Amino acid sequence: MAMNPGSKPVLQHSTATAGGMAEAHPAPPSGLLRWLLTTNHKEIGSLYLIFSLVMFFIGGIFAMVVRAELFQPGLQLVQPEFFNQMTTMHGLIMVFAAVMPAFTGLANWMIPLQIGAPDMALPRLNNFSFWLLPVAFTLLLSTLFMPGGGPNFGWTFYAPLSTTYGPPSTTFFILSLHIAGISSILGAINIIATILNMRAPGMRMMDMPLFVWTWLITSFLLIAVMPVLAGVITMMLMDINFGTSFFDAAGGGDPVLFQHLFWFFGHPEVYIMILPAFGIVSAIIPTFARKRLFGYASMVYATAAIAILSFLVWAHHMFVVGLPLVAELFFMYCTMLIAVPTGVKVFNWITTLFRGSISFEPPMLFALAFVVLFTIGGFSGLMLAIAPADFQYHDTYFVVAHFHYVLVPGAVFAIMAGVYYWLPKWTGHYPNERLAQWHFWLSVVGVNLTFFPMHFAGLAGMPRRIPDYALQFADFNLVSSLGAFLFGASQLLFVAVVVLCVRGGRRAPAQAWDYAEDLEWSVPSPAPLHTFDTPPTFERPAH
Amino acid sequence: MRTLLVLLAGGGLLAGSLQTALANGWNMPVGVTELSGEIYSLHMIIFWICVAIGVVVFGVMFYSLFRFRRSKGAKAANFHENTLVEVIWTAIPLLILVGMAVPATATLKKMYDASDADLDVMIIGQQWRWRYDYLGEGVAMTSNLATPRTQIRGDEPIDASANYLLEVDEPLVLPVGQKVRFLFTSDDVIHSWWVPELAIKQDTVPGFINENWVRIDEPGIYRGQCAELCGVDHAFMPIVVRAVEEEEFEAWLASRREAAEEEAMGIDREWQMSELMERGEQVYGSVCVSCHQQEGTGNPPAFPALAGNEQLLSDADWHTSTVINGVSGAAMPAFRNTLNPVEIAAVVTYTRNAWGNDTGDSVQPSEVAERLSD
């Protein structure tokens, strides 16, 4: 272990406490029942991650259908009705079933290991949180086979398109979102309880790894906004089934109220999908630059600032809905402000690289691509914040380009970076370097081919969510579709790398990456089922 | 240092090629109003600010990645905090943002001042067409997609010279040089009326009225589309604005008024079956076809079939009233304000006699007019 003395925390605990106490735990039941009944944070973490990967492919197939239809002008493969179901389900599955559970899975695996806790604070609740998800999303996917089809009103399900004019299956959609929401809230409660109560002795809040910090803040966001989502879908349920008129103007309701409520949930939701990504990248960049993270405290404050601001910007999704001038100005200014703490983060990562000793293992490649491409998404976000210009950008492919840049090479790349980073800890093997490199480069090329031309399509006037388009958009769409097929296909490599890594490969020591700092690297690789039965002593680095 | 220069040059090259690309129709149009020009400028200013920040930030990043490679023997430094630097890179973006907010605020204020308009036009979104009502002028019309469904479905090749998906039967005609106030609302779901060259995008919300305005500088044809997902045919409700000189506009208004009066006189006379069928097919093709389909097969359960529909065949009265009043709680809109009595009579007659629905009966415009006045 080559390292810089005095620049990393010193970890002190015996290996016996890390892994040797298995006899104190009863043997788990065998077969499927083991996975159904498990309360172990590592097993539940794996369940979350596998579930998320499966959903990533299902949501991905929906995206491929969309891109195939948009490959050239005219309707070739699917009718508009089914196309709308595909765009809607792609969004819902990717947001609620792929990205969010992936981060929860990483949290389950890594938060106890990073703070020196033996497990999550509420293990049975943890089991329940996970098993709600397959129920929720089996229900959601089953709506595709119901009469009238599945949700076809976009992942934002604006009323009254989703209420008065929605398909009969909308009630099932509401139920499935309720179940997924409960799962998220319970997961968030568990994470907060774990972080606040179960840190290793000596570890203050300001000693926690940033992944732990970002997840703590994310959990508070989840607890704050998931009930708002639950409220708005319950109002929909009432409008559809019980004759209320929350969102029906004919009965004195207000369709715009729906959007206020939805985006009060929806904007913090996008930070729910990106803050943990910041945490992962903040762990990986110092490891492979062999230099401590620059500005740890400012990273924490910036994360908190972003979280607080996220409650004050929801109406920037509604600039053209007919808001009064003063509201437009307020939400424009607040939205622009978000660029400041986000900028601080990017500057900190880059300063961490500056005068480091940098190497380019797969986790680092994904983390670096994250920094560049997420920043590009941030730039288009800054452009979208300018309300007068948003009158032109709103609901076009420019917006589609923007949020895919922050979510795909943003959130998804960070998840993949995290998986490559922690696979040695989970499996005891390094991922296959050559395959991982192929996966990375094909993904980077694919993602940019897919999403960069969308900026131009949007500026040139192409609205989003259309199954057919005017001829001047044909070239942009052709390139986007080819890029999407490339990106989609290269994710099979990711599966191959993960499967191969589980089955074998170069053996990884406890300290799998030589400069990695946090407590998880003090337990053996693969991490035994039970770790930190007695808490380690945490000592912060000397200055 | 040399790496840094190379990187900066590379960044400059990239910026240069971006500019070329943007000049070649890959960018937001400058448009044909004062405000569209201002919006375009705001867009370009913020774009170049982002490019400049990007060149600096990515320049430093890639410089570090090349310069401080471990494979080249780089040794890591040991710094990890600097309050002064943190304050500087918080303050500078803040100043840039303030600089950006000032012109944006000014433009936004102008966009919100719809007072003292010369002409008011009500724009009503409806699944999946636009209705335009020149308030106080006695002229109103419905604007439907003109691209044939056969081209969209691929039954015949796309006509590349005919503005595929961006052509309508009735463009919105507006005078240049005059301040036109738009009032937006919707009959069903939320739509969004967007014409890029006019830099106007405004949601039409059922039950509420939004406002926006335009003063067009140049005569011409300006095309746009619905921007808010509004159901199955969201992609198929384009907008065409024909901006003409003021005299031409007045002449056009007068001719439309005359045509409306002529049509009103047609209500009282007896119409032949063949006349009604011909007119009905035309109305069906522009208004009904998107849901009920060319052959009247519909798209159940949301859009029932009309061909062979028992209730329709047995009850002409119910049939007419459904077209006039719509079906509450379902997708079928009320056409009492959208279609005139002649059109309603014609389309009812047509659907009662097309695709093997050979009832042989017809509905006269006068009957419809009577029902409408009830």
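Being a predicted model, the structure only gives us computed values, none of them experimental.

## Re the overall build of chain A
Then comes step 1: A tally of helices and strands in chain A yields 16 helices and two strands.
Then comes step 2: The C-alpha radius of gyration of chain A comes to 23 Å, within 12% of the 24 Å expected for a compact globule of 543 residues.
Then comes step 3: In chain A, which comprises 543 residues, the share counted as buried stands at 67%.
Then comes step 4: Sequence separation of 24 or more characterises 83% of the internal contacts of chain A that already satisfy a separation of 6 or more.
Then comes step 5: When the accessible area of chain A is evaluated, it comes to approximately 17,000 Å², of which 72% is carbon and sulfur surface.
Then comes step 6: Both charge centroids of chain A, one from 20 positive and one from 23 negative side chains, sit 14 Å from each other.

## Digging into the interface of chain B and chain A
Then comes step 1: Each side of the interface is counted separately: chain B has 91 residues, and chain A has 100 residues.
Then comes step 2: Both faces combined, the contact of chain B with chain A buries some 8,000 Å², and carbon together with sulfur accounts for 72% of it.
Then comes step 3: At the surface where chain B touches chain A, the tally comes to one salt bridge.
Then comes step 4: Between Arg70 of chain B and Asp514 of chain A there is a salt bridge; the shortest N-O distance is 3.6 Å.
Then comes step 5: On inspection of chain B and its partner chain A, the count reaches 23 residue pairs in polar contact (both at pLDDT 80 or more).

## Considering helix H14 (residues 397–427) of chain A
All names here are of chain A.
Then comes step 1: Taking the largest bend as the criterion, H14 deviates by roughly 40°, centred on Tyr421, and proline Pro424 comes between one and four positions later.
Then comes step 2: The buried fraction of H14 is high, at 30 of 31 residues.
Then comes step 3: Measuring from the backbone nitrogen of Phe398 back to the side-chain oxygen at the start of H14 gives 3.0 Å, which picks out Thr396 as the cap.
Then comes step 4: Looking one or two residues past H14, Gly428 carries a phi angle of roughly 85°, positive in sign.

## Regarding the side chain of Ser380 of chain A
Residue and element names in this part refer to chain A.
Then comes step 1: Position of Ser380 relative to the elements: it lies in helix H12 (residues 362–385).
Then comes step 2: A polar contact is formed between the side chain of Ser380 and the backbone oxygen of Gly377, at a distance of 3.0 Å.
Then comes step 3: Ser380 has contacts with Phe398, His402 and His455, leaving out every residue within four places of it along the chain.

## Observations concerning the domain arrangement of chain B
How big an interface is tends to be reported as the loss of accessible area on association of its parts.
Residue and element names in this part refer to chain B.
Then comes step 1: Split into domains, chain B comes out as domain 1 (2–111), domain 2 (119–264) and domain 3 (266–373).
Then comes step 2: For domain 1 and domain 2, the distance between their C-alpha centroids amounts to 38 Å.
Then comes step 3: Facing 10 residues of domain 1, the contacting portion of domain 2 comprises 12 residues.
Then comes step 4: Summed over the three residues of domain 1 that lose the most area to domain 2, namely Pro29, Val32 and Thr33, the buried surface amounts to 58% of that side.
Then comes step 5: Between the two partners, domain 1 and domain 2, sit zero salt bridges.
Then comes step 6: At the surface where domain 1 touches domain 2, the tally comes to four residue pairs in polar contact (both at pLDDT 80 or more).

## Topic: the sheet that holds strand S1 (residues 119–126) of chain B
All names here are of chain B.
Then comes step 1: Read from one edge of the open sheet, five strands run S3-S2-S1-S5-S8, paired in mixed fashion. Pairing within the sheet leaves two strands with one partner each, and these edge strands are strand S3 (139–143) and strand S8 (210–214). Each neighbouring strand pair of the sheet contributes to a mean axis angle of 20°, computed without reference to strand direction.
Then comes step 2: The sheet contact formed by strand S2 (residues 129–134) and S3 spans five bridges and is antiparallel. Its bridge partner lying in S3, Arg131 is registered against Thr142.

## Comments concerning the pattern of salt bridges
All names here are of chain B.
Then comes step 1: The final tally for this structure, using the stated rule, is 20 salt bridges over all chains.
Then comes step 2: Arg131 is the salt-bridge partner of Asp187, the closest N and O atoms lying 3.0 Å from each other. In this pair, Asp187 sits in the loop between strand S5 (180–186) and strand S6 (191–195) while Arg131 sits in strand S2, placing the two residues 56 residues apart along the sequence.
Then comes step 3: Residue classification places Arg131 among the buried positions, given a relative accessible area of 13%.
Then comes step 4: The partner of Arg371 in a salt bridge is Asp317, and the shortest N-O contact between them spans 2.6 Å. Pair noted here: Arg371 is in helix H10 (residues 365–373) and Asp317 is in helix H8 (residues 316–325), with a separation of 54 residues, a long-range link.

## What to know about the nonpolar core
Then comes step 1: In this structure, Phe96 and Phe137 of chain A together with Tyr134, Phe182 and Trp193 of chain B are the most contacted members of the largest nonpolar core, which totals 281 residues.
Then comes step 2: A per-element tally of this core places H14 of chain A first, with 22 residues.
Then comes step 3: Both domain 1 (2–111) and domain 2 (119–264) of chain B contribute no fewer than three residues apiece to this core.
Then comes step 4: Contacts of Phe137 of chain A, omitting those with residues within four sequence positions, involve Phe51, Met55, Ile93, Phe96, Ala97 and Ala180 of chain A.
Then comes step 5: Listed in part, the 25 residues of the second largest apolar core include Trp271, Val289, Val323 and Leu339 of chain B.

## Points about the packing of H12 of chain A against helix H2 (residues 34–67) of chain B
Then comes step 1: It is the contact of H12 of chain A with H2 of chain B, at a shortest axis distance of 9 Å, that shows an interaxial angle of 165°. Regarding the angle of H12 of chain A to H2 of chain B, the classification is roughly antiparallel. As H12 of chain A packs across H2 of chain B, the resulting crossing turns out to be right-handed. The segment H12 of chain A lies against H2 of chain B, with Leu368, Val371, Val372, Thr375, Ile376, Phe379, Leu382 and Met383 of chain A engaging His43, Ile46, Phe47, Cys50, Ile53, Gly54, Phe58, Met61, Phe62 and Leu65 of chain B.
Then comes step 2: A class-by-class count of the residues in the contact of H12 of chain A with H2 of chain B yields 15 nonpolar, three polar and no charged.

## Quick word on the confidence of the model for chain A
Then comes step 1: Chain-level pLDDT for chain A is 93 on average; 95% of the residues reach the 70-or-more range.
Then comes step 2: Throughout residues 1–22 of chain A the model reports pLDDT below 50, and contacts reaching past four residues in sequence, or to other chains, amount to 50 contacts.

## Describing a negative patch on the surface
Then comes step 1: Judged by side-chain charge, Asp113, Asp116, Asp118, Glu245, Glu246, Glu247 and Glu250 of chain B come together as a negatively charged surface patch.
Then comes step 2: As for its position among the elements, Glu245 of chain B is in the loop between strand S10 (238–244) and helix H5 (246–266).

## Notes on the sheet that holds strand S9 (residues 220–226) of chain B
The pairing of strands in a sheet comes from backbone hydrogen bonds and takes either a parallel or an antiparallel form.
Residues and elements named next belong to chain B.
Then comes step 1: Ordered in space as S4-S10-S9-S6-S7, the five strands form an open sheet in which the pairing is mixed. Since the sheet does not close on itself, it has two edges, and those belong to strand S4 (172–175) and strand S7 (200–204), each with one partner. With strand direction ignored, the average angle separating the axes of adjacent strands in the sheet is 25°.
Then comes step 2: Of the pairings in the sheet, the one linking S4 to S10 comprises four bridges and is parallel in character.

## Things to note about the packing of helix H9 (residues 275–289) of chain A against H12 of chain A
Residue and element names in this part refer to chain A.
Then comes step 1: Relative orientation of the contacting elements H9 and H12 amounts to 125°, with a least axis distance of 9 Å. Between H9 and H12, the angle is such that the two are oblique. Considering only the axes of H9 and H12, their crossing is left-handed. For the pair H9 and H12, the contacting residues are Ala277, Phe278, Val281, Ile284, Ile285, Phe288 and Ala289 in the first and Pro363, Met364, Ala367, Phe370, Val371 and Phe374 in the second.
Then comes step 2: In terms of residue class, the contact of H9 with H12 is built from 13 nonpolar, no polar and no charged.

## Overview of the confidence of the model for chain B
When pLDDT is low, close inspection of the predicted coordinates is not appropriate.
Then comes step 1: Per-residue pLDDT for chain B has a mean of 89; in total, 95% of the residues score no lower than 70.
Then comes step 2: Model confidence for the complex: the whole-complex pTM is 0.90, and ipTM, which rates the interface, is 0.90.

## Describing a nonpolar patch on the surface
Residues and elements named next belong to chain A.
Then comes step 1: There is a patch of nonpolar side chains on the surface, built from Val445, Leu449, Leu478, Val479, Leu482 and Phe485 and spanning about 430 Å² of accessible area.
Then comes step 2: At the level of secondary structure, the elements contributing two or more residues to the nonpolar patch comprise helix H15 (433–459) and helix H16 (474–503).
Then comes step 3: Tallying contributions element by element places H16 first for the nonpolar patch, with four residues.
Then comes step 4: With respect to the helices and strands, Leu449 occurs in helix H15.

## Focus: the state of the cysteines
Then comes step 1: Counted according to the given criterion, the structure contains zero disulfides over all chains.
Then comes step 2: In this structure Cys291 of chain B is a free cysteine whose sulfur lies 8.7 Å from that of Cys288 of chain B, the closest cysteine sulfur available.

## Quick notes on unusual backbone geometry
Then comes step 1: Put simply, Ala159 of chain A and Pro160 of chain A share a cis peptide bond, and its omega is 0°.
Then comes step 2: Here Pro160 of chain A shows up in the loop between helix H5 (123–142) and helix H6 (170–197).
Then comes step 3: In this structure, the amide linkage connecting Gln127 of chain B to the following residue, Trp128 of chain B, adopts the cis form with an omega of 0°.
Then comes step 4: Along the chain, the position of Trp128 of chain B falls in the loop between S1 and S2.
Then comes step 5: At Phe157 of chain A, a position not held by glycine, the phi torsion is positive, near 30°.
Then comes step 6: Accessibility expressed as a relative area gives 0% for Phe157 of chain A, which makes it buried.
Then comes step 7: Look at Gln293 of chain B: it is not a glycine, yet its phi comes out positive at around 70°.
Then comes step 8: When you line up the elements, Gln293 of chain B lands in the loop between helix H6 (273–292) and helix H7 (310–314).
Then comes step 9: For Gln293 of chain B, a relative accessible area of 25% puts it in the partly exposed group.

Scoring rules and cut-offs
Residues numbered from 1 in each chain as written. Chains lettered and ligands numbered in written order. Predicted model: local features only at pLDDT ≥ 70, side-chain atom pairs only at ≥ 80, totals over all residues. Heavy atoms only, no water. Helix = DSSP H or I, 4+ residues; strand = E, 2+ residues; numbered from the N terminus. Rg over C-alpha atoms; globule rule 2.2 N^0.38 Å. Buried < 20%, exposed > 50% of the residue type's maximum accessible area, 1.4 Å probe, protein only. Contact = heavy atoms within 4.5 Å. Areas by Shrake-Rupley, 256 points an atom, 1.4 Å probe, with all protein chains shown as cover. Lys, Arg positive; Asp, Glu negative; His and termini not counted. Charge placed at Lys NZ, Arg CZ, Asp CG, Glu CD. Buried area = accessible area lost by both parts, 1.4 Å probe. Salt bridge = Lys/Arg side-chain N within 4 Å of Asp/Glu carboxyl O. Polar contact = N/O pair within 3.5 Å; in protein donor to acceptor, adjacent residues only side chain to side chain. Bend = angle between axes of the 7 residues up to and from the residue. Domains from an automatic or database assignment. Pairing = 2+ DSSP bridges. Axes fitted to C-alpha atoms, helices over the stretch in contact; angles between N-to-C directions. Core = buried A, V, L, I, M, F, W, Y, C linked by side-chain atoms within 4.5 Å. Parallel < 35°, antiparallel > 145°, perpendicular 65-115°, else oblique. Left-handed = near helix turned anticlockwise from the far one by under 90°. Nonpolar A, V, L, I, M, F, W, Y, C, P; charged D, E, K, R; others polar. pLDDT = per-residue confidence, 0-100. Patch = residues over 30% accessible without salt bridge, like charges linked within 9 Å, V, L, I, M, F, W, Y side chains within 5 Å. Disulfide = S-S within 2.5 Å.

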